[in-house]
Amino acid sequence: MSSFVDVPKIKMLDGREMPGIGLGTYLGFDKNGVVKSIDKQLRDVVLDAIDIGYRHFDTASIYDTEAEIGEAIRMKIDEGVVKREDVFITTKLWNTQHRREEVVTAMREVLNKTGLNYVDLFLIHWPIGLNADYSYSDVDYLETWRGMEDVQRLGLAKSIGVSNFNKEQLQRVINEGTVKPVALQIEVHPQIIQKDLISFARSQGLVVLGYSPFGSLVMRYGMRFPGPRMDDPALVSIAEKYGKTPAQVVLRWVVDRHVVPLPKTVNHKRLVENISIFDFKLTDEEIERINQFNSNTRYTMPSFWQTHQHYPFEKVAKPIPDPFRG
Ligand SMILES: NC(=O)c1ccc[n+]([C@@H]2O[C@H](COP(=O)([O-])OP(=O)(O)OC[C@H]3O[C@@H](n4cnc5c(N)ncnc54)[C@H](OP(=O)(O)O)[C@@H]3O)[C@@H](O)[C@H]2O)c1
């Protein structure tokens, strides 16, 4: 296939390997809640993505995309295009299943939905435990971590890690867990470069996965946010030098900072564009130029949970209403 891209892999602490870019599959949020895939749109995107060279898919129970990812992977295995071990699936435990015994149940639900025997990486989505009605639960994420260790021991997830944990929370899991997390998934883009957290996680041997890599380059929630755009002169000049697009430059900036980018797209042309970043490399000076956009701006900031005892981020004066509770 002419457009096929061979993606480099990164070794994790537990000896397993992760493909160095993953396809994001969160379709967003609107007034009706999480946007759902219609007419198997996402399944068809994953089928296309596998043909293009994507071998890593990022999902979560809350995205409601696990079933279609599983279906596409099973179809490609049946076609003989890939073997199960060629494909890497990351998924995440939702906040309402944080009690130790609920974690194995949640993982079994994922396997039922996907029709697969195991996932490659299972992450605690947030350090925040909630009850079924979304009121705060007092369950400690260390208890949740014991459940993640159970899942791994049972072979239901090959590797385990965390998402949206801050440095202190990650340190506590490292210190007090029996198994060390192998991965940390956090927001990483030119407006939030996460220097300290990335360097801490890497110093502990974790692989960092970066979500929302395009930051302000793209529309979010139907809006434009302050920060660089696709026509930013600094990004355009670097892109012209390498014959790439500003989107590719930003993804390469993520890779050159030793982070695995998780760009989301449902568009064939952009699937090819976003994975075609392994044939060039930025200079230290170019990385530093892009670092200069940093303003510590988060697009994923669930401030409606900020009074939770394990809320990981800085608090804001005016929290937004909780979309999960209507
Ligand atoms: N752990 C967490 O809490 C968490 C939070 C947020 C996200 N994530 C993960 O990270 C993934 C990516 O994050 P995200 O979806 O927030 O943001 P993103 O990947 O930075 O941006 C996605 C947007 O960019 C557009 N796009 C993609 N490639 C493009 C290109 N080359 N040129 C122009 N526009 C392009 C997409 O539209 P089209 O689809 O139309 O191309 C979409 O609107 C998610 O899907 C999810 O898997 C995890």
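Residues numbered from 1 in each chain as written. Predicted model: local features only at pLDDT ≥ 70, side-chain atom pairs only at ≥ 80, totals over all residues. Heavy atoms only, no water.

As annotated in an unreviewed UniProt entry, the protein chain carries the name NADP-dependent oxidoreductase domain-containing protein and is attributed to Chrysodeixis includens.

Asks: Tell me about the overall build of the protein chain, and name the residues and values.
Replies: Within the protein chain one finds 10 helices and 12 strands. Since a compact globule built from 326 residues should have a radius of gyration of about 20 Å, the 19 Å found for the protein chain is in line with a globular shape. Counting the 326 residues in the protein chain, one finds 57% classified as buried. Within the protein chain, contacts between residues at least 6 apart in sequence are counted, and of these 73% link residues at least 24 apart. Carbon and sulfur atoms provide 50% of the accessible area of the protein chain, an area that totals close to 14100 Å². (Helix = DSSP H or I, 4+ residues; strand = E, 2+ residues; numbered from the N terminus. Rg over C-alpha atoms; globule rule 2.2 N^0.38 Å. Buried < 20%, exposed > 50% of the residue type's maximum accessible area, 1.4 Å probe, protein only. Contact = heavy atoms within 4.5 Å. Areas by Shrake-Rupley, 256 points an atom, 1.4 Å probe, with all protein chains shown as cover.)

Asks: Pulling in residues and values, what's your account of the site of the ligand?
Replies: The immediate surroundings of the ligand are formed by 27 residues, with Asp58, Ser212, Arg220, Thr265 and Arg270 found nearest. Pro213 places a main-chain nitrogen or oxygen 3.2 Å from an oxygen atom of the ligand. Between the ligand and Asn274, the relevant distance is 2.9 Å, taken from a nitrogen atom to a side-chain nitrogen or oxygen of the residue. Within the complex, the protein chains bury 85% of what would otherwise be the 910 Å² of accessible surface of the ligand. (Near = heavy atom within 4 Å. Polar contact = N/O pair within 3.5 Å; in protein donor to acceptor, adjacent residues only side chain to side chain.)

Asks: I'd like to hear about helix H7 (residues 233-242), residue by residue, with values.
Replies: Within H7 the residues assigned to the buried category are Leu235, Ile238 and Ala239. Along the long axis of H7, the arc covered by the buried residues comes to 100°, so they all point the same way. Away from its buried face by more than 90 degrees, H7 exposes Pro233, Glu240 and Lys241. Summarising the contacts, the buried residues of H7 are in contact with helix H8 (246-256) and helix H10 (284-291). In this structure Asp232 caps H7, since a side-chain oxygen of it lies 2.9 Å from the backbone nitrogen of Ala234. Among the residues trailing H7, Gly243 stands out with phi positive, at a value near 65°. (Arc of directions from axis to C-beta.)

Asks: So, the UniProt feature "binding site: substrate" (unreviewed entry) in the protein chain: which residues are in play, and what are the values?
Replies: With numbering matched to this structure, UniProt assigns "binding site: substrate" (unreviewed entry) to His125. In this structure, His125 sits in the loop between strand S8 (119-124) and helix H4 (141-153). Relative accessible area serves as the criterion here: at 7%, His125 is assigned to the buried category. Ignoring sequence-local partners within four residues, the contact set of His125 consists of Ala60, Ile62, Tyr63, Lys92, Leu93, Trp94, Asn95, Ser163 and Asn164. (UniProt positions renumbered as here; feature names shortened; annotations may be inferred.)

Asks: Describe the nonpolar core, naming the residues involved and giving the relevant values.
Replies: Counting residues in each nonpolar core, the largest one holds 74 residues, and the members touching the most others are Phe57, Met107, Phe122 and Leu184. Setting aside residues up to four positions removed in sequence, Phe122 forms contacts with Thr91, Lys92, Leu93, Val103, Met107, Met148, Val151, Ala157, Ser159, Ile160 and Gly161. (Core = buried A, V, L, I, M, F, W, Y, C linked by side-chain atoms within 4.5 Å.)

Asks: Account for the pairing of S8, naming residues and giving values.
Replies: With respect to burial, S8 is a largely interior element, 6 of its 6 residues being buried. Across 4 bridges, the pairing between strand S7 (residues 88-93) and S8 is parallel. Looking across to S8, one finds that Leu93 is bridged to Ile124. A crossover connection joins S8 to the parallel strand S9 (residues 157-163) through H4; in handedness this β-α-β unit is right-handed. (Pairing = 2+ DSSP bridges. Right-handed = clockwise from strand over helix to strand, strands pointing away.)

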